[in-house]
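# An overview of the molecular structure
So the chains spell out like this:
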Amino acid sequence: MAQPKIEIESRLFLNNQFVPSVKGKQYSLVNPASEEHVVDVHEAQPEDIDLAVEYAKAALPGWKNTHVRDRAAAVNKLADLIEQDMERITYLDSVSVGKSKTWYPYEIKMNLDLMRYFCGVAQDLQGETSSGAPGHVNMTWVEPYGITAAICAWNTPITQVGGKIAPSLLTGNVLILKSSEKAPLSLIRIAQLVKEHNVFPPGVLQIITGFGLTAGAPLASHMEIRKLAFTGSCATGKIIKELAAKSNLKNVTLELGGKSPLIIFPDADLDLVAGHSGFAIAGNAGQGCVALSRMYVHTSVADQFLTKISASMLQAAGKFGNLLEDGTHQPQVDKQQFTTVMNFIESGKKSGAQLALGGKRVGEKGFFIEPTIFFNPPDDADIVRKEIFGPVACVMTFDTEEEVVKRANDTEFGLNAAIYTKDISRALRVAKQIESGMVGINTNVLHAMAMDLPFGGVKASGDGVENSRAGLLSWTHKKTVYIGY
């Protein structure tokens, strides 16, 4: 599949117009597969944030009072436009963040499913009534926050449309969305679709690009923004929460990192677990918060599993070549992330662990890394304790259920987990003890993602949830109304 030659928009999208940043600052975007320059992207500054807020303030009354069926029709229209534009969106995320044709349809389908799910649920949000007080009929209303913001992750940029744009706008808010500086192009393309097809009125959805200090921090600390959702690292999530608290105590939802455990008991279907977990850690070049990177396997089946997971990761990674051809392996998103992952690999080699697979760069150009497995590293090694965000798995043996539960929970993260066993009583018993927001039994979240169930973590992996009715309601607050008679 030849890469199409298209003009790439890279300006800010404010009030349904593409405009340069106020100060005219730009930064260079590099293709992670070729290390070639792609485009210069406009870099939003605090002045641009203030402009966006003024436009949002003007748009809020009209959008808030638009019938929910019309808001849903607009979001459904955007979903249809994205589906029709898949080839172009795939190209943009290929040249900017290294998405492959093999992986990307999964992300787009997940995004479309979520958008359409929210469009239905948004028309069934109800308050409560109370007749407990004599002479009164009291009730609650579900109301939007008003001006809201979102700061997006770079590893799955298109899913931020369903995860943040759809629920914010469907519930009557207006939204200022900041892309990651690493992954701006597909979200700018969404803005083009909005403008070209008059999807939303001016000021309802605005999309900006830029860096955390000059664009993200002003959003988190802005006194007129009442709600913010962020997907990204734990370190940045803490900063955002602090900025929100020090400004106007805006409501904040955080979807943060993970170091998720996979537990494989001796009666597990090893082909099934290897297939699932190989896809989860090697797909998307390991750049996923729910990747099952700590793999605990019972000693009696460890050798068999190690052979199977090695083959599965290699298959999931695919060949190295044109990302817009089937079966190709993705690079790390940029040089910084490539260097981070390679440093983790070097630390793993020094930890005393056995390097069972990979561990090297692929080629001389592009940020490609071999699928890598370390066998039995120490529990205190950095490759076990810290989120790597690359195609690196740690396979470790255990002997007892009590032991593996304790080791699985010995982390500050708590996003995802998976348990593989044919013993359903054991599976449920262990699942109840695991400290995470999501647990798969003989499956994992990437294979079983359900839009009507919450997506989120505990401990340092986040605060609040996305997806589901609960995720939609997180963009609203309740107002209590007392009526005397």
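As the structure is a prediction and not an experimental result, all values here were calculated from the model.

Moving on: the overall build of the chain. Summing up its helical and strand segments, the chain has 16 helices and 20 strands in all. Across its three principal axes, the chain shows a C-alpha extent of roughly 70 × 65 × 40 Å. Residues classed as buried in the chain amount to 57% of the 485 residues present. Counted over contacts in the chain with a minimum sequence separation of 6, partners at least 24 positions apart contribute 75%.

The antiparallel open sheet is built from 3 strands, whose spatial order is β5-β6-β20. Of all strands in the sheet, those with a lone pairing partner are β5 (129–130) and β20 (476–484), marking the two edges. Summarising the sheet, strand β6 (residues 136–144) and β20 pair through 9 bridges and their orientation is antiparallel. Within the sheet, the bridge partner assigned to H136 lies in β20 and is G484.

A few words on the side chain of K227. Positionally, K227 belongs in strand β10 (residues 227–231). Although buried, K227 forms no salt bridge, and the nearest oppositely charged side chain, E466, lies 7.9 Å from it. At 2.5 Å, the side chain of K227 forms a polar contact with the side chain of T253. At 3.1 Å, the side chain of K227 and the backbone oxygen of S474 are in polar contact. Those residues in contact with K227 that lie beyond four places of it in its chain are Y145, I147, T148, A149, K250, N251, V252, T253, S474 and W475.

It is worth spelling out a nonpolar patch on the surface at this point. Taken together, V137, I483 and Y485 make up a surface patch of nonpolar side chains, about 330 Å² in accessible area. Locating Y485 in the fold gives a position in the segment after β20. For Y485, a relative accessible area of 73% translates into the label exposed.

On to empty space enclosed by the protein. With the rule as written, the count across this model stands at 4 cavities of 30 Å³ or more. Its boundaries defined by the atoms lining it, the largest cavity holds a volume of some 80 Å³. Lining the largest cavity are 13 residues, with A291, S293, E387, I388 and F389 sitting closest to its centre. Of the residues contributing to the lining of the largest cavity, the split by class is 6 nonpolar, 5 polar and 2 charged. Of the pockets and cavities examined, the second largest cavity occupies roughly 60 Å³. Taken together, 15 residues make up the lining of the second largest cavity; nearest its centre are P261, F413, G414, N416 and E435. Here the residues of the lining of the second largest cavity are counted per class, giving 5 nonpolar, 7 polar and 3 charged.

Calculation criteria
Residue numbering note: each chain is counted from 1, following its sequence as written. Local features in this predicted model are restricted to residues of pLDDT 70 or higher, and side-chain atom pairs are both shown and tallied only at a pLDDT of 80 or more, whereas totals for entire chains, interfaces and linings draw on every residue. The side-chain values count all of the structure's non-hydrogen atoms but skip hydrogen atoms and water molecules. Only DSSP runs of H or I reaching four residues or more are called helices, and only runs of E reaching two or more are called strands; each is numbered from the N terminus. Think of it in three bands: residues with accessible area under 20% of the maximum for their type are buried, residues over 50% are exposed, and the middle band is partly exposed, with areas taken using a 1.4 Å probe on protein chains only. Whether two residues are in contact is decided by their heavy atoms, any of which lying within 4.5 Å being enough. When DSSP finds at least two bridges between two strands, those strands are taken to pair. This count recognises Lys and Arg as positive and Asp and Glu as negative, with His and chain-terminal groups excluded. Whenever Lys or Arg places a side-chain nitrogen within 4 Å of a carboxyl oxygen from Asp or Glu, that contact is recorded as a salt bridge. Here a polar contact means two N or O atoms within 3.5 Å. Within protein one must be a hydrogen donor candidate and the other an acceptor candidate, and residues neighboring in sequence count only if both atoms are side-chain atoms. Patches in this entry comprise residues that are over 30% relatively accessible and not in a salt bridge; like charges within 9 Å are linked, as are nonpolar side chains (Val, Leu, Ile, Met, Phe, Trp, Tyr) within 5 Å. Exposure was quantified through the Shrake-Rupley algorithm and a 1.4 Å probe, taking into account, for residues, occlusion by the shown protein chains and nothing else. Cavities and pockets are defined on a 1 Å grid built over the protein atoms alone: a cavity is a set of grid points where a 1.4 Å probe fits but cannot escape, while a pocket is an open set with protein on both sides within 12 Å along at least five of seven lines, and lining residues are those with an atom within 4 Å of any such point. Grid points are joined across faces, edges and corners, and a volume is the space filled by probe spheres set on the points. Note on residue categories: nonpolar means Ala, Val, Leu, Ile, Met, Phe, Trp, Tyr, Cys or Pro, charged means Asp, Glu, Lys or Arg, and polar means any other residue, Gly included.

The values are spatial; any link to function lies outside them.
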